[in-house]
Amino acid sequence: MATPSDIPLRQVTLSEWSMDEVHKALADRPLLLQIKRTSVLDDAQEKRIIVFVHGLNSGATAWLPFLTEAFPERELQAFDFALFNYQTSVVSRLIPFQRLPRVEAWAEVLASAIQMTLVDQERYDSYVLVGHSMGGLVCKLAFRHLHEVDMAAAMRLHSLFTYGTPNHGSDRVTALSTLFSPDLAFLRAFSESLANLQVFWNSRISPFPGAPGNKLTVHERAIISIKDYWVAPQSGINSLPEKFVLKIASSHSQLIKPAGPRDTRLAWFMAQLQAIERQSECSLVEIRDGPGAADFVAAAEGNEDAAHEFIDKLFNQALFVLDIGSADGTATGDMFSLYYSSTVVRGPDGQVADRIPGPANLLTAIQVKERVSYCKLKTFAYKRAFEGLTHALDEMEQRGVEALDEDQIDTVVLSLFGRLARKIPRSEADAAEALKTMNSVIPAERSAARDKALRELLAASHDFLEKSPRSVLAEGVAYDVAWYTFQLGQYEEAEDLFERFRAKYPFSVSREGADDYIKEIPYRIRLRDSGNAPESQLELAKRLLKKEGNLEETVSLAFDAYCREPALLDRTTGLLRYLITIEYVFSQTLGMELGADPKKTFADWMTRYLADMEWRQQKQAAIEAKAPDRAKLLLQLLDASSADWKDGVPPKQ
């Protein structure tokens, strides 16, 4: 019996639709026949394909009447087509030397074709599976296999359509006929294989987004015939709600033979594809109660108070209105990403490797009506937004617009946020929220417990990226993965992760943070490899000060380096001397309250320290009394800081 690894995945690709060319290609019995569009889509558009899978005792040619009508249709111009041409027979056991693979094995081959050819090699962003009869079960088994071995490929499934598929098996398959073919044994009503598939599908899969029980959403639709001799209607419907099922009156084989483009067998298929698309893709049509014209102008001119007021109105007052097409599958609490355009990522060969939605503003639905969703702003891609605002205002100035009225502001604000919106699957949003909850309880102080919590969070974050690599939330999680790795002291790995983050998300608002860590990591590595040498401590402290990093760690490193190697005081910057004086002389030793303005406190104290000799001696005596073990070091530090102050050196880098 052949296994999936024994079956060569022979494939043929056609660059145009021609019935003669398709017949000619299928005559060589390839397992996968791709039919690509001759028109080249814009790079920013998603690359999609529909895979058709035939049923029992049939072949890929069974789909040709359907494809003949479907391929020219305008609604399908964004899709390439493919035929999975596996072998099946109702009498294979009666033919000498013929031992065809079981249905489950063919399903694994289809899964491999999706995983290695369509996703990895051809770089399709999403795929649609369409199965006739037993072909629908092959599709479901293939998806189950991908769910187990490659969740990223499974998540690219756009939708699943079944035509006359016996989900519960067929009552027409007798016990005697199962002796003739393993395919018939598979299709026997409530066979063990079908029962196992049903358990998986009913417990793990839902046709509705955001279903309870952490189920994965598969947009499944069924076309059945009330006159089907081979498949009972209820077996074809399975547990789908009525609105996801089309019932017609035809023979089993005629289910996939539309009489024309308006035939319901094709027209309903295209309409459902568009309806599914609208469940995830929608558009911003209006922003109510948001910032007005004066707010925009003041914020664009750089007024800090105006900018804060502008942000406050966006988060606490503005209501974002999305056209979601239908309320089906959308609920209060659902999240949407509002973005500008996709960022095209190319591989070393120059081919498009991925399309990442640009900087996204996240919205949360607070009310859902028949066609629209009212949302509040959750996160704001401020950098990209203000770049858009400045550009819009410059364009208006060039056109001679001297003052903005409210109508013009409506146009500006929509361009500010982008008009495209994509619903974030509830499973992704819930998983990301769970990561935030885990992060919120990580101990602040370095300890074994903190490292353990970080490792658990790192594992959960990797799991999120493996399951949802194309999620709009993956950008933040990918950055966090690099940061957690850095916090665990795995610097070489963290450096690689930050580099990969920069390459994949070139326009991310977190790119500057990644750049800073990439520059900092060599200092960390030198400190570790030197055994925490004082010189390396001081160099890292200077680096942290330059990037305005962790001030507590910066001061601690610089002071420890000075205590261990006093000669390093001359190589310490004026700002570092100021900071460690404030912390270790003023606060810790003399117990001074620095107040709201530490710099003024420092200036007043130093002025008196230099001018009043008696007062100066009192302070020196106090230092010697309170910190006798390191009084000499503290007094040298104080002398250096007072010299800085006397020479007019301000506390700057």
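Just so it is clear, the structure is predicted and the values come from calculations on it, not from any experiment.

**Q** I tried to follow the overall build of the chain on my own but got confused; where do I start?
**A** Of the regular secondary structure elements, the chain holds 24 helices and 18 strands. Across the 653 residues that make up the chain, the buried fraction comes to 49%. Considering only contacts in the chain between residues 6 or more positions apart, those separated by 24 or more positions represent 68%. Working note: accessible area of the chain is about 30,700 Å², and carbon and sulfur atoms make up 50% of it.

**Q** Could you clarify how one ought to interpret unusual backbone geometry in this entry?
**A** If a residue is not glycine, its phi is most likely negative; likewise, a peptide bond is most likely trans. With phi around 55 degrees, Asn 57 is a residue other than glycine that occupies positive phi space. Tracing the chain through its elements places Asn 57 in the loop between strand 3 (48-53) and helix 2 (64-70). By relative accessible area, which is 49% here, Asn 57 ends up partly exposed. Backbone geometry at Ser 133 places phi at a positive 55 degrees, although glycine is not the residue there. When you line up the elements, Ser 133 lands in the loop between strand 5 (126-132) and helix 4 (134-149).

**Q** Is there a simple way to think about a nonpolar patch on the surface in this case?
**A** Where nonpolar side chains cluster on the molecular surface, the patch consists of Leu 176, Leu 179 and Phe 180 and spans about 290 Å² of accessible area. Note on placement: Leu 176 falls in the loop between strand 6 (157-163) and helix 6 (182-187).

**Q** Just checking my understanding: could you explain the side chain of Glu 475 for this structure?
**A** Structurally, Glu 475 can be placed in helix 16 (residues 474-487). Nearest to the buried, unbridged Glu 475 among oppositely charged side chains is Lys 504, at 10 Å. Here Glu 475 is in contact with Phe 501, Tyr 505, Ser 508 and Val 509, once residues within four sequence places are set aside.

**Q** For this particular structure, what's the right way to read the pattern of salt bridges?
**A** Pairing between side chains of opposite charge can happen when the charged atoms of each approach one another. Within this structure, the stated rule accounts for 27 salt bridges. Put simply, Lys 140 and Glu 220 hold a salt bridge, and the shortest N to O gap is 3.0 Å. Remark: Glu 220 occurs in strand 9 (residues 220-225) and Lys 140 occurs in helix 4; sequence separation between them is 80 residues. When sorted by exposure, Lys 140 lands in the same class as Glu 220, which is buried.

**Q** Just to check I follow, could you spell out the nonpolar core for this structure?
**A** As a rule of thumb, nonpolar side chains are buried together in soluble globular proteins. Ranked by internal contacts, the top residues of the largest apolar core, which has 45 residues, are Val 51 and Phe 84. Here this core gets 10 residues from one element, more than from any other, and that element is helix 3 (residues 103-121). The residues contacting Val 51, other than those within four sequence positions of it, are Ala 82, Phe 84, Leu 110, Leu 118, Val 128, Leu 129 and Val 130. Leu 545, Ala 561, Val 585 and Leu 634 belong to the second largest nonpolar core, which has 39 residues in total.

**Q** Where do I start with the pairing of strand 16 (residues 361-368) in this structure?
**A** Strand residues, when the strand is regular, have side chains that alternate between the two faces of the sheet. Examined bridge by bridge, strand 13 (residues 335-339) and strand 16 share 4 bridges and lie antiparallel to one another. Residue Phe 336 lies in a different strand from strand 16, and its bridge partner there is Leu 363. Of the pairings in the sheet, the one linking strand 16 to strand 17 (residues 372-379) comprises 6 bridges and is antiparallel in character. Of the residues in strand 17, the one forming a bridge with Gln 367 is Tyr 374.

**Q** Honestly, helix 4 in this entry has me stumped. Any pointers?
**A** One turn of an α-helix holds 3.6 residues; hence residues three or four places apart share an orientation. An ideal rise of 1.5 Å per residue puts 22 Å on 16 residues; helix 4 measures up with 23 Å between its terminal C-alpha atoms. Among the 16 residues that make up helix 4, 13 are buried, leaving the element largely enclosed by the rest of the structure.

**Q** Before we go on, may I ask you to explain the environment of Phe 559 in this structure?
**A** Mapped onto the elements of the fold, Phe 559 is located in helix 20 (residues 551-564). Taking relative accessible area as the criterion, Phe 559 reaches 4% and is therefore assigned buried. Considering only alpha carbons, one finds Phe 559 and Tyr 584, 25 residues apart in sequence, at a separation of 8.2 Å. Residues contacting Phe 559, with those up to four places away along its chain left out, are Ile 580, Tyr 584, Arg 630, Leu 634 and Leu 637.

**Q** Help me out: how do you make sense of the packing of helix 21 (residues 574-587) against helix 24 (residues 631-646) in this one?
**A** It is the contact of helix 21 with helix 24, at a shortest axis distance of 9 Å, that shows an interaxial angle of 135 degrees. As judged from the angle between their axes, helix 21 and helix 24 are oblique. Considering the relative orientation of helix 21 and helix 24, their crossing is left-handed. The residues of helix 24 that touch helix 21, namely those facing Gly 574, Arg 577, Tyr 578, Ile 580, Thr 581, Tyr 584, Val 585 and Phe 586, are Leu 634, Leu 637, Leu 638, Ala 640, Ser 641 and Asp 644. Class assignment of the residues belonging to the contact of helix 21 with helix 24 gives a composition of 9 nonpolar, 3 polar and 2 charged.

**Q** Is there a simple way to think about the packing of aromatic side chains in this case?
**A** A complete count under the given rule lists 29 aromatic pairs for this structure. Plain terms: the ring middles of Trp 17 and Phe 71 are 5.6 Å apart, the flat faces sit at 20 degrees to each other, and that makes the pair stacked. In this pair, Trp 17 sits in the loop between strand 1 (11-14) and helix 1 (19-27) while Phe 71 sits in the loop between helix 2 and strand 4 (79-84), placing the two residues 54 residues apart along the sequence. Between Phe 71 and Phe 81, the ring centres sit 5.1 Å apart and the planes meet at 90 degrees, which makes this aromatic pair edge-to-face. Of this pair, Phe 71 sits in the loop between helix 2 and strand 4 while Phe 81 is found in strand 4, placing the two residues 10 residues apart along the sequence. Members of the aromatic cluster, each reached through a chain of ring pairs, are Trp 17, Phe 52, Trp 63, Phe 66, Phe 71, Phe 81, Phe 161, Tyr 163 and Phe 269. Above the face of the Phe 244 ring, Arg 221 is positioned so that its terminal group lies 3.6 Å from the ring centre. Lying over the aromatic face of Tyr 523, Arg 526 brings its terminal NZ or CZ to 4.7 Å of the ring centre.

**Q** Which parts of the structure should I look at to understand the sheet that holds strand 3?
**A** Sheet strands pair by backbone hydrogen bonding; their relative direction is either parallel or antiparallel. Strand order in the open sheet made by the 8 strands is 1-2-4-3-5-6-9-10, with mixed pairing throughout. This sheet does not close on itself; its edge strands, each paired only once, are strand 1 and strand 10 (245-248). Ignoring which end each strand starts from, the neighbouring axes of this sheet average 15 degrees apart. Two elements, strand 6 and strand 9, share 4 bridges in a ladder whose sense is parallel. Bridge pairing links Tyr 163 to Ile 223 in strand 9.

**Q** Is there a simple way to explain the sheet that holds strand 17 in this structure?
**A** With respect to topology, 6 strands assemble into a closed barrel ordered 11-12-17-16-13-18, the strand pairing being antiparallel. On average, each strand axis in the sheet is tilted by 45 degrees relative to the strand beside it, whichever way the strands run. Against the sheet, helix 11 (residues 304-316) contacts strand 12 (319-323) and strand 17, and its axis sits at roughly 140 degrees relative to strand 17. Each of strand 13, strand 17 and strand 18 (420-424) touches helix 14 (residues 426-440); the most contacted strand, strand 18, lies at about 75 degrees to it.

What counts and what doesn't
Residues numbered from 1 in each chain as written. Predicted model: local features only at pLDDT ≥ 70, side-chain atom pairs only at ≥ 80, totals over all residues. Heavy atoms only, no water. Helix = DSSP H or I, 4+ residues; strand = E, 2+ residues; numbered from the N terminus. Buried < 20%, exposed > 50% of the residue type's maximum accessible area, 1.4 Å probe, protein only. Contact = heavy atoms within 4.5 Å. Areas by Shrake-Rupley, 256 points an atom, 1.4 Å probe, with all protein chains shown as cover. Patch = residues over 30% accessible without salt bridge, like charges linked within 9 Å, V, L, I, M, F, W, Y side chains within 5 Å. Salt bridge = Lys/Arg side-chain N within 4 Å of Asp/Glu carboxyl O. Lys, Arg positive; Asp, Glu negative; His and termini not counted. Core = buried A, V, L, I, M, F, W, Y, C linked by side-chain atoms within 4.5 Å. Pairing = 2+ DSSP bridges. Expected span 1.5 Å × (residues − 1). Axes fitted to C-alpha atoms, helices over the stretch in contact; angles between N-to-C directions. Parallel < 35°, antiparallel > 145°, perpendicular 65-115°, else oblique. Left-handed = near helix turned anticlockwise from the far one by under 90°. Nonpolar A, V, L, I, M, F, W, Y, C, P; charged D, E, K, R; others polar. Phe/Tyr/Trp six-rings, centres within 6.5 Å; stacked < 30°, edge-to-face > 60°. Lys NZ or Arg CZ within 6 Å of the ring centre and 35° of its normal.

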